[in-house]
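# Inside the fold
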Amino acid sequence: MMTLEFASLSDRGRIRLNNEDACGHLVPSTPAELAERGAVFVVADGMGGHRGGEIASHIAVRTILAFYSADGEQDRSHALAFAFREANKTILEESVADSALFGMGTTCTALALHNGHAYFAHVGDSRGYMLRGSTIKQITNDHSIVGEMVRSGIISDEDARHHPKRNVITRSLGAQEDTAADIPTEPLELRAGDVFLLCSDGLTTYLSDADISTILAEKPPEEACRKMVAMANEAGGRDNITVQVVAVRSV
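Now for a look at the structure at hand. (Residues numbered from 1 in each chain as written. Predicted model: local features only at pLDDT ≥ 70, side-chain atom pairs only at ≥ 80, totals over all residues. Heavy atoms only, no water.)

### Observations regarding the overall build of the chain
Assigned secondary structure in the chain consists of eight helices and 10 strands. In summary, the chain has a C-alpha radius of gyration of 17 Å against a globular reference of 18 Å for 251 residues, a match within 12%. Projecting the C-alpha coordinates of the chain onto the three principal axes gives extents of approximately 45 × 40 × 35 Å. Relative to its full complement of 251 residues, the chain shows a buried share of 51%. In the chain, 70% of the contacts between residues at least 6 apart in sequence involve partners at least 24 apart. For the chain, the accessible surface area stands at approximately 11,500 Å², while carbon and sulfur atoms represent 49% of it. Looking at charge distribution, the chain has the averaged site of its 23 positive side-chain charges lying 4 Å from that of its 35 negative ones. (Helix = DSSP H or I, 4+ residues; strand = E, 2+ residues; numbered from the N terminus. Rg over C-alpha atoms; globule rule 2.2 N^0.38 Å. Buried < 20%, exposed > 50% of the residue type's maximum accessible area, 1.4 Å probe, protein only. Contact = heavy atoms within 4.5 Å. Areas by Shrake-Rupley, 256 points an atom, 1.4 Å probe, with all protein chains shown as cover. Lys, Arg positive; Asp, Glu negative; His and termini not counted. Charge placed at Lys NZ, Arg CZ, Asp CG, Glu CD.)

Okay, structure coming up:
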């Protein structure tokens, strides 16, 4: 039976006056319900001005958690796709209804764990990682100009962290009516000891994959969250920083 240890932390950083990131989770409290319904975790990084970005990210998290949980189908990929569509629709509607919010949007990364498998959905340049043993893998692709340059081999991962256009994203919730999330066609089979990280780019601007891997391998979720946020702030903290760590203790 699956058991999880998880923690999250969201920090406005050292420069920003407010926090436009948001995160949330739904994890059933009993083992039986967890086995039946699974668990879902979400991180979002808003954009569109101080008020708009904060509202967009919170709408995304709230809507995805609600609609994912309400979807009674066993296909969790379908449930995530449905939840992301509803979040995109809701953000667009709020943006049109209030001129002060026009153009707001958000990145979003979600992880669902159910029946021994991990499911992902992703839009933007927030990220998902999986640590298995000593190997860390980014399980999302950045929807950004710089991300496309990395995948094309034009620049390196290290160059991307400091590129002047690193914050120019090419896909977000709320940007257009038909925004679709990246969702793998097949879920990952879980193993005891797997550790997942969802984070906003306020973390990955400052920490390398090697930094993240070391922390996830050495620290339990709550300590790992505190350590990563502290390191990002010490390195500059020019953006909001949000992290969510999920460790699979048994499957």
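### Concerning the sheet that holds strand β6 (residues 127-132)
Picture the strands of a sheet paired through backbone hydrogen bonds; they go either parallel or antiparallel. Here five strands make up an open sheet; going across it, the order is β1-β10-β9-β6-β7 and the pairing antiparallel. Of all the strands in the sheet, the pair left with one neighbour each is β1 (3-11) and β7 (135-138). Averaged over all neighbouring strand pairs, the angle between strand axes comes to 15°, with direction disregarded. With four bridges connecting them, β6 and β7 associate as antiparallel partners. Counted as the bridge partner of Arg132 is Thr135 from β7. Where helix α7 (residues 209-218) meets the sheet, its contacts fall on β6, β7, β9 (195-199) and β10 (241-250), and the angle it forms with β6 comes to roughly 55°. The sheet contacts of helix α8 (residues 221-234) involve β1, β9 and β10, and relative to β10 the element is tilted by about 155°. (Pairing = 2+ DSSP bridges. Axes fitted to C-alpha atoms, helices over the stretch in contact; angles between N-to-C directions.)

### With respect to the packing of aromatic side chains
The way to describe two aromatic rings as a pair is by their centre distance and the angle between their planes. In total, this model carries three aromatic pairs according to the counting rule given. Note on Phe67 and Phe82: the rings are 5.5 Å apart at their centroids and 75° apart in plane angle, and the pair reads as edge-to-face. Here the residue Phe67 occupies a position in helix α2 (residues 49-70), and Phe82 occupies one in helix α3 (residues 76-97), the gap between them amounting to 15 residues. By relative accessible area, Phe67 is classed as partly exposed at 29%. (Phe/Tyr/Trp six-rings, centres within 6.5 Å; stacked < 30°, edge-to-face > 60°.)

### Some remarks on the pairing of strand β4 (residues 105-114)
When you tally the buried positions in β4, you get 10 out of 10 residues, the bulk of the element. The side-chain alternation of β4 yields two buried faces, one formed by Gly105, Thr107, Thr109, Leu111 and Leu113 and the other by Thr106, Cys108, Ala110, Ala112 and His114. Sheet topology note: the strand β3 (residues 39-47)/β4 ladder contains nine bridges and is antiparallel. Bridged to Val43 within β4 is Thr109. Pairing of β4 with strand β5 (residues 117-123) involves seven bridges; the strand directions are antiparallel. Considered in β5, the bridge of Cys108 is made with Val123.

### Details of the pattern of salt bridges
One pass over the structure, following the stated rule, counts nine salt bridges. A salt bridge links Asp239 to Arg16; the nearest nitrogen and oxygen atoms lie 3.3 Å apart. Placement of Asp239 in the loop between α8 and β10 and of Arg16 in the loop between β1 and β2 (21-26) is noted, with a sequence separation of 223 residues between them. Classification of Asp239 as buried rests on a relative accessible area of 14%. (Salt bridge = Lys/Arg side-chain N within 4 Å of Asp/Glu carboxyl O.)

### Some points on α3
Here α3 contains 22 residues, and its C-alpha end-to-end distance of 31 Å stays within 8% of the 32 Å for a straight helix at 1.5 Å per residue. Within α3 the residues assigned to the buried category are Arg76, Ser77, Ala79, Leu80, Ala83, Phe84, Glu86, Ala87, Asn88, Ile91, Leu92 and Ser95. Looking at where α3 begins, the residue whose side-chain oxygen comes 3.0 Å from the main-chain nitrogen of Ser77 is Asp75. (Expected span 1.5 Å × (residues − 1). Polar contact = N/O pair within 3.5 Å; in protein donor to acceptor, adjacent residues only side chain to side chain.)

### What to know about the nonpolar core
Within the largest apolar cluster, 26 residues are counted, with the highest numbers of intra-cluster contacts made by Val42, Ile64, Leu80, Phe84, Cys108 and Leu173. Counting only elements with at least two residues in this core, the list comes to β3, α2, α3, β4 and β5. With seven residues, the single largest contributor to this core is α2. By size, the runner-up hydrophobic cluster in this structure holds 22 residues, among which are Leu203, Cys225, Met228 and Ile241. (Core = buried A, V, L, I, M, F, W, Y, C linked by side-chain atoms within 4.5 Å.)

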